[in-house]
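# An overview of the molecular structure
For reference, the chains in residue letters:
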Amino acid sequence: MTLDYYAYQNQKGTIDSAACRGQELHIAYLLKEARGLKNKEKNKIRDCWQKSLSVKDDPWEGNPFDFCQMPDSLAFTLDTSAIEWLPQFSFVLQLPFKIDKPYISKDEKSIYILENPLRREKIFKTPMLAATGWKGALRAVMVQMLVQWWKQLDESEKKKRSNCKQFVSWRLQLVRLFGTERGADMDDENYNNYLDKLGGKYQSSWFRRYLRRFISPSGSIVGRLQFYPTFFKETALEIINPHDRKTGTSMRGPILLECVPENAEGIFSIVYVPFGPFGMYKKIHKEAVAQDLIFLAKGIRAMLTVYGFGAKTSSGFGKAKERLAGEGRLLLKSALSLKDLESDAEAQRSEELPRYLETADRLIEELRRSDGTLKEEDEYRQWLENNKLKYNKKRKQLYSKAKLWWERKQLEENSLQDVASEPEPSAKKEPFITEITFNTLDEFYNQVQRLATALRKGGAM
């Protein structure tokens, strides 16, 4: 239809000749296509267009086909300081990633040199992955995780109430995160949704009854997740050549695809706000947030490295590297101290204390006086004789190490007293925000698991 339109306009002579001089490359290319000119002449325009693919800092630079970087002043990217204004247990996630396999998408623009243009922001023409694209990709991955778990069960296991309850709980968690399922009719007589057919009529009825009774009478609810678009600074061209399965020959020749190339960087950003009737009690509320943290971390890691995002993911496109492009951050608004996060590590370290210590700041009984101070060497010898023990080489080394530790502890306490004697500046009261950082996707998942555990133990309303 596009070529017919330009052929008709060309016959009427209404297309401005300026298009052929490069002021609008897409129209110029389609005009030559409509005139049936040779590939050599068309390739000149395509070569000129390829040189303009790089993203520039300044808008347009006088050429309407150039692409410019999205200005920060428009606030299309996530501002992590907004966590201070969100409700308790909200969190924001910024995950800078690096493309491992080229990212491909489909733009809605009909007038373009290629049949497969990369999606761009409409005004600044910046390559982008829309917030709706992220939401769809992540939800599809999490549904696939549910499907794989359910299909691995045999028929007898699928009939167990515990597994049926887990299926319904998993499905409700998807609603809690992403909102009401598309195509899920609340009428009990209609089970046409994919998950309805997968779980069967019993689980579907259970899911709908719970949703209507405890969540929303209409069955419709907005999800807790808010997604942000990702903008890229690099573009390139990918070539695919589909072959006929029977003859093994090329079906239509090489096809050019506009893409975001390997090693290009972007930032995945989401905001989680725990609103709605999911868990009105404090304990249940915290447990739901902890479950969502782990579920999201598992899904995000799988989406970026296994399933992919964008178009042609089944062919291996749209994947990210395991190592992030920078330091990732997750900020959780909760009265959660860093000690809670490090409790497991401290417990592990306590098991590896030196032999002369009972705890991290307390000597063992044979080395300390009743007031907790270190015994003199003669006192220690006397204690050993009274208990019919020998002051051998091993115990002498033990006492020497304990003495060095005690002297170092005294110096630290004296320095702290000097600092305490100085007047303290007025402390500015800051909201309780727990932050974790990470540099790989595996580290991200492990840190989130520790954060969820600490939230279950010590998160306060």
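A quick note: this is a predicted structure, and the numbers were derived from the prediction, not measured. (Residues numbered from 1 in each chain as written. Predicted model: local features only at pLDDT ≥ 70, side-chain atom pairs only at ≥ 80, totals over all residues. Heavy atoms only, no water.)

### Considering the overall build of the protein chain
When helices and strands are counted, the protein chain shows 14 helices and 14 strands. Residue pairs in contact within the protein chain that sit at least 24 positions apart in sequence constitute 71% of those at least 6 positions apart. (Helix = DSSP H or I, 4+ residues; strand = E, 2+ residues; numbered from the N terminus. Contact = heavy atoms within 4.5 Å.)

### Topic: unusual backbone geometry
Most of the time, phi is negative for any residue but glycine, and the peptide bond is trans. A positive phi is found at Phe89, a non-glycine position, where the angle reads about 75°. Of note, Phe89 is situated in the loop between strand E2 (67-68) and strand E3 (91-101). Residue Phe89 is classed as buried on the basis of its relative accessible area of 0%. Located in the positive-phi region is Lys312, a residue other than glycine, with phi close to 55°. Inspection of the secondary structure puts Lys312 in the loop between helix H9 (282-307) and strand E10 (319-320). Residue Lys312 is classed as partly exposed on the basis of its relative accessible area of 38%. (Buried < 20%, exposed > 50% of the residue type's maximum accessible area, 1.4 Å probe, protein only.)

### A few points about the nonpolar core
Ranked by internal contacts, the top residues of the largest apolar core, which has 61 residues, are Leu95, Phe268 and Leu330. Tyr356, Leu367, Tyr399 and Ala402 belong to the second-largest nonpolar core, a separate cluster that totals 13 residues. (Core = buried A, V, L, I, M, F, W, Y, C linked by side-chain atoms within 4.5 Å.)

### Points about the environment of Gly308
Here Gly308 is to be found in the loop between H9 and E10. The class for Gly308 is buried, based on a relative accessible area of 8%.

### Structural notes on the confidence of the model for the protein chain
Taken as a whole, the protein chain shows an average pLDDT of 76; of its residues, 69% reach a score of 70 or greater. Contacts for the low-pLDDT stretch residues 14-23, under 50 throughout, to residues beyond four places or in other chains number 16 contacts. Low confidence marks residues 426-430, where pLDDT is under 50. Its contacts with residues over four positions away, or in another chain, come to zero contacts. (pLDDT = per-residue confidence, 0-100.)

### Notes on the pairing of strand E11 (residues 323-333)
Summarising the sheet, E3 and E11 pair through four bridges and their orientation is antiparallel. Residue pairing for E11: Gln94 is matched across the bridge by Arg329. As paired strands, E11 and strand E14 (residues 433-440) are joined by seven bridges and run antiparallel to one another. Bridge pairing links Gly328 to Phe438 in E14. (Pairing = 2+ DSSP bridges.)

### Here's the deal with the packing of aromatic side chains
The tally for this structure, following the rule as stated, stands at 19 aromatic pairs. For the pair Trp149 and Trp170, a centre-to-centre distance of 5.7 Å together with 40° between the ring planes defines the contact as tilted. Note that Trp149 is positioned in helix H4 (residues 131-151) and Trp170 in helix H6 (residues 161-178), a separation of 21 residues in sequence. A relative accessible area of 18% places Trp149 in the buried class. Residue classification places Trp170 among the buried positions, given a relative accessible area of 13%. (Phe/Tyr/Trp six-rings, centres within 6.5 Å; stacked < 30°, edge-to-face > 60°.)

### Here we look at the pattern of salt bridges
In this structure the tally under the stated criterion is 13 salt bridges. Glu258 is the partner of Arg120 in a salt bridge, and the nearest nitrogen-oxygen pair spans 2.3 Å. Residue Arg120 is located in the loop between E3 and strand E4 (128-129), and its partner Glu258 is located in strand E8 (residues 255-259); the two are separated by 138 residues in the primary sequence. Accessibility classification places Arg120 together with Glu258 in one group, the buried group. When the shortest N-O distance is used, the salt bridge between Asp442 and Arg301 registers 2.9 Å. (Salt bridge = Lys/Arg side-chain N within 4 Å of Asp/Glu carboxyl O.)

### Describing the environment of Pro261
Structurally, the position occupied by Pro261 is in the loop between E8 and strand E9 (265-272). Spatially, the C-alpha atoms of Pro261 and Gly318 are 9.6 Å apart, while their sequence positions differ by 57 residues. Leave out the neighbours within four places in its chain, and Pro261 touches Ile99, Glu234, Thr235 and Ala236.

### What about the packing of H6 against helix H8 (residues 201-215)?
Where H6 meets H8, the axes come as close as 10 Å, and the angle between the chain directions of the two elements is 50°. Here H8 runs oblique to H6, going by the angle between their axes. Both H6 and H8 take part in a crossing whose hand is right-handed. Contacts between H6 and H8 involve Arg161, Cys164, Lys165, Phe167, Val168, Arg171, Leu172 and Val175 on the former and, on the latter, Tyr202, Gln203, Ser204, Trp206, Phe207, Arg208, Tyr210 and Leu211. (Axes fitted to C-alpha atoms, helices over the stretch in contact; angles between N-to-C directions. Parallel < 35°, antiparallel > 145°, perpendicular 65-115°, else oblique. Left-handed = near helix turned anticlockwise from the far one by under 90°.)

### Re the pairing of E3
Walk down a regular strand and you will see the side chains alternate between the two sheet faces. Of all 11 residues that make up E3, eight are buried, and the element is covered over most of its length. Relative to E9, E3 is paired through eight bridges, and the arrangement is antiparallel. Bridge pairing in E9 places Leu93 opposite Ile270. Bridge analysis of E3 against E10 gives two bridges, and the strand direction is antiparallel. Note on E10: the bridge partner recorded for Ile99 is Ala320.

### Some words on the side chain of Asp196
With respect to the helices, strands and loops of the structure, Asp196 is situated in helix H7 (residues 194-199). On the accessibility criterion, Asp196 (3% relative accessible area) is buried. Of note is the side chain of Asp196, whose polar atom sits 2.6 Å from the side chain of Arg171. (Polar contact = N/O pair within 3.5 Å; in protein donor to acceptor, adjacent residues only side chain to side chain.)

### Section: H8
With 15 residues, H8 extends 20 Å from end C-alpha to end C-alpha; this agrees with the ideal 21 Å at 1.5 Å per step. Here H8 has its buried residues at Gln203, Ser204, Ser205, Trp206, Phe207, Arg208, Leu211 and Ile215. Buried residues along H8 sit against H4, helix H5 (155-158), H6 and H7. (Expected span 1.5 Å × (residues − 1).)

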